[in-house]
Amino acid sequence: MAKTPTAKAASSAPQFIPVGIVPTDEQIAIQTCRARHLVAMANAGAAKTTTLALRIAESVTRGVWPESIVALTFSVEAARVLQARLIEIGLDEKAARRVRCVTFDAFAQQVLRDFEGIQPPFLATSEAIAPHVRSTVAKLQHENAQRRSPRELWLPEHNEQIFEFLTIARQIKARMVKPELEDGETIEERAELLGIPEGVFLLYRHLERERAGDGIGPRWRAEFDATYDLACLLQSEDVRIPLPAYRIAIVDELQDMNPASYAVLEHLLARGNAFFTGAGDFDQVIHRWAGADVNFIRTQFGQGWRNVESLPLTRTYRHGPIMALATAALKNKEVVSGRDHETYLRLVPYADPRTVGEQVAADVRDWKERGGQLDACAVLLRAPYQSIHIENALLEAGIGWRVEGLESYLLRSEILMLRGVVAFALEDYESIPGVDKRLKVLHALLLWQQFEWGAKRLEDSALKTAAAQPELFDAFLKGLLLKPQTRADKKAGKLSGDEEEEADFRFLEKINALRKNGRNEEANTLLNLRKADAETVDESSAQRNARLRLERTLAMLRAAPADEPAHALLERAVETLQLRRVARDIFIEPSRAVMVTRSIDGFIDASRRRNMSLRDFAHWLRKAEVRESRLRASSTVLLCTVEAAKGQEFQSVMLPYLEEGAFPMAGCDRAEESNRFYVAVTRVRDELSLYVPEAPDRVSAFVKAMQVDKAIARGRLQSGNPAAGR
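Not measured: the values here are computed from a predicted model. (Residues numbered from 1 in each chain as written. Predicted model: local features only at pLDDT ≥ 70, side-chain atom pairs only at ≥ 80, totals over all residues. Heavy atoms only, no water.)

**Q** Where do I start with the overall build of the protein in this structure?
**A** Along the protein, the regular secondary structure elements total 32 helices and 16 strands. Radius of gyration (C-alpha) of the protein: 29 Å, near the 27 Å computed for a compact globule of 726 residues. In terms of principal-axis extent, the alpha carbons of the protein reach across some 90 × 70 × 55 Å. A burial count over the protein gives 54% of its 726 residues as buried. Look at the contacts in the protein between residues 6 or more apart in sequence, and 78% of them connect residues 24 or more apart. Split by element, the accessible area of the protein, about 32,500 Å² in all, is 50% carbon and sulfur. The average position of the 99 basic charges and that of the 102 acidic charges among the side chains of the protein differ by 2 Å. (Helix = DSSP H or I, 4+ residues; strand = E, 2+ residues; numbered from the N terminus. Rg over C-alpha atoms; globule rule 2.2 N^0.38 Å. Buried < 20%, exposed > 50% of the residue type's maximum accessible area, 1.4 Å probe, protein only. Contact = heavy atoms within 4.5 Å. Areas by Shrake-Rupley, 256 points an atom, 1.4 Å probe, with all protein chains shown as cover. Lys, Arg positive; Asp, Glu negative; His and termini not counted. Charge placed at Lys NZ, Arg CZ, Asp CG, Glu CD.)

**Q** Hey, could you run me through helix α14 (residues 356–369) in this one?
**A** In an α-helix, one turn spans 3.6 residues, which is why side chains three or four residues apart end up on the same side. Compared with an ideal rise of 1.5 Å per residue, which puts 14 residues at 20 Å, α14 spans 20 Å between its outermost C-alpha atoms and is within 8% of the ideal. When we look at burial in α14, the residues that qualify are V356, G357, V360, A361, D363, V364 and W367. Projection of α14 onto a plane perpendicular to its axis shows the buried side chains occupying an angular sector of 165°, all on one side. On its buried face, α14 is in contact with β11 (344–350), β12 (377–381), α15 (387–396), β14 (636–641), β15 (650–655) and β16 (684–693). Where α14 ends, the next residue or the one after it, G371, has phi of about 100°, a positive value. (Expected span 1.5 Å × (residues − 1). Arc of directions from axis to C-beta.)

**Q** I would appreciate a short explanation of the packing of helix α8 (residues 187–194) against helix α9 (residues 198–212) in the present structure.
**A** Helices that pack against each other are described as a pair by the angle of their axes relative to one another and the distance between those axes. Relative orientation of the contacting elements α8 and α9 amounts to 110°, with a least axis distance of 8 Å. Comparing their axes, α9 and α8 come out roughly perpendicular. On α9, the residues touching I187, E188, R190, A191 and L194 of α8 are E198, F201, L202 and R205. Residue composition of the contact of α8 with α9, by class: 5 nonpolar, no polar and 4 charged. (Axes fitted to C-alpha atoms, helices over the stretch in contact; angles between N-to-C directions. Parallel < 35°, antiparallel > 145°, perpendicular 65-115°, else oblique. Nonpolar A, V, L, I, M, F, W, Y, C, P; charged D, E, K, R; others polar.)

**Q** Sorry if this is basic, but what is going on with the pairing of strand β1 (residues 37–41) here?
**A** Look at any regular strand and the pattern is simple: side chains alternate between the two faces of the sheet. Of all the 5 residues making up β1, 4 are buried; the element is thus mostly covered by neighbouring parts of the structure. Sheet topology places β1 next to strand β7 (residues 275–280); 5 bridges connect them, and they run parallel. By the bridge assignment, V39 is partnered in β7 with G278. The pairing of β1 with strand β8 (residues 308–310) spans 3 bridges and is classified as parallel. Counterpart to V39 in the pairing with β8 is S310. (Pairing = 2+ DSSP bridges.)

**Q** Where do I start with the nonpolar core in this structure?
**A** By size, the foremost hydrophobic cluster in this structure holds 83 residues, and its most contacted members are V364, L394, F424, W448, F476, L481 and V637. Of all the elements, helix α16 (residues 413–426) adds the most residues to this core, at 10 residues. Contact partners of L481, with chain neighbours within four places excluded, come to F424, L445, L446, Q449, F451, F476, R547 and L550. By size, the runner-up hydrophobic cluster in this structure holds 67 residues, among which are I168, W220, I241 and F276. (Core = buried A, V, L, I, M, F, W, Y, C linked by side-chain atoms within 4.5 Å.)

**Q** What is the right way to read the sheet that holds β15 from this model?
**A** Backbone-to-backbone hydrogen bonds pair the strands of a sheet. The strands run either parallel or antiparallel. Taken in spatial order, the 6 strands make up an open sheet running β11-β16-β15-β12-β14-β13, and their pairing is parallel. Pairing within the sheet leaves two strands with one partner each, and these edge strands are β11 and β13 (400–404). Adjacent strand axes in the sheet meet at a mean angle of 20° when their direction is disregarded. The pairing of β13 with β14 spans 5 bridges and is parallel. The partner of E404 across the bridge, within β14, is C640.

**Q** I tried to follow the pattern of salt bridges on my own but got confused; where do I start?
**A** Between side chains of opposite charge, pairing is possible as soon as their charged atoms come close. What the rule picks out here adds up to 45 salt bridges. A salt bridge links R211 to E208, with the shortest nitrogen-to-oxygen separation between them at 2.9 Å. Of this pair, R211 and E208 both sit in helix α9, 3 residues apart, roughly one helical turn. One salt-bridge network, held together by shared partners, links E116, K173, E208, R211, R221, D225 and D229. (Salt bridge = Lys/Arg side-chain N within 4 Å of Asp/Glu carboxyl O.)

This is how it looks when you write it as structure tokens:
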């Protein structure tokens, strides 16, 4: 990390005395450091967030207004944890709430909203951006074909290629690559400089122009676009952005910085002549897909700053010597524990992944019976599909759970779609409890049947009415899903019900006005055109095929014997609906389509394990949801993705499915998977359970790298406790 050599900034005695903790010498040095720019890189569990909270509290105690402090993070959860930590260490709650803790992107969105006076649509998924990509690709292909000498361009056409392009686009935005060319520069030269195909930069250039709009404001923004847009505007000589002035700027998750967020930070520091403190851990970079760049932090961050101090947070106080040794082996770096009691570490072998849920539920129950709090226990998952067997096992064990970073499997679109099909086949709409749940089922059916409905139509009161009344729920099937879409239907799909009604009213007014003026022929022509719209089928081949597949599926389910096992019928339904192939058409990210397939397989396996008829299984699902809701009202264990767990810690952590192909996940960047695993195992304080396959060749390489047996043996010697570790 670049820095200007300075004499060590003197520290003074702290004025803020926290409650519940005794800060270490390292923490006190950071809390009281007088340097204008302070950087702390640390190991996991070295209390980075707590240390940042101490520094903020020290500033408030010394008279800095809380409103003049901003804490920036890269995840919503990290911002939430930092604000909560201020209160936990004893800062007055009202003062703590006045400190602004927010993500970089949310901060940028607010600044841009104040400057632009508008809030453009936010496209939260790749699927929402894909139509814009396809439209721009079509324009480029047309323009290229008109050239006297057409270029040989690689342009994305399929979902996987579009996802690849969006990933590249996000990364080059993080690097502050602008679509404009320098004087005399060519498309070919810029693409070669960036190390990307010419067609990719050409598409990026045109798509950014399309997104920028006509000068009033951008037509849309996606994730991290606000940070990029603000950074570009701040660097522009033609525009002046009124940034808020802060005396102190704090950055957590410093390892996730990139040139775009750094540009925003530098202007923010300059605006208020602010003091800066940042903390991070290089081994916790799990957002390289979004532009996080460790090399940038190490070589360019802080270059040119004066009075820069780098202070360490070397010891972990989250877990004991055994875990410190295991993570040191995993990451090949020094990790030292400062705890005075040990962390329990064990490997739990399994023969069949389908039994892991029962093992986890049994261990959660054992944790509770030994006096552990469910709220302090977390089951961390590499992917959402892994929750299905665990959720079912917790339900049967009478243990409540909550989720972070994923949806309960009964709420996932592919499962809701299947449940809707089953409800239609059985004509049993009460098997889906509640209006809200039925509304989600209708939305899922529209998604999987590939209807092109606008956001206004999806929020339509007519949909909500259909969800509320079973007889209308049935009409939704017959009057929409199984009816060939007409030109009029397609137009109406972009409007809300009120807008459609208003358009009909205006049309009738126009017809009446024409007739009053004796222009009957024109009125008849308009009526005939409207009639033609209502009778002319206008559906894509995908919609037509989806409609026919749904018809065949419903016919198959209705003709099946009442006692035929649900899993057999669901398997045939999935094949007839071709859900696995449709998933690849719907979802841009290849891994998302894989997750959907695994989620469907898990759902079918859940029905197989119960060996019920389709009707009985549908009723079991309803009862399960009701029971789950009751269980959630009491103390609950957390089911959480690794990404959502980042920045948190738990007394007990359980990591299931630690086998090759699952964690590390097949097809994912190995280095980032290693960092993700490091994040997962270092969330623990007291007990870590690693669930591994019995076959040694299937065990995750990351678990092997921890050298658990050696860590336990050495940890026992360090702690002097021969029983420690297992």
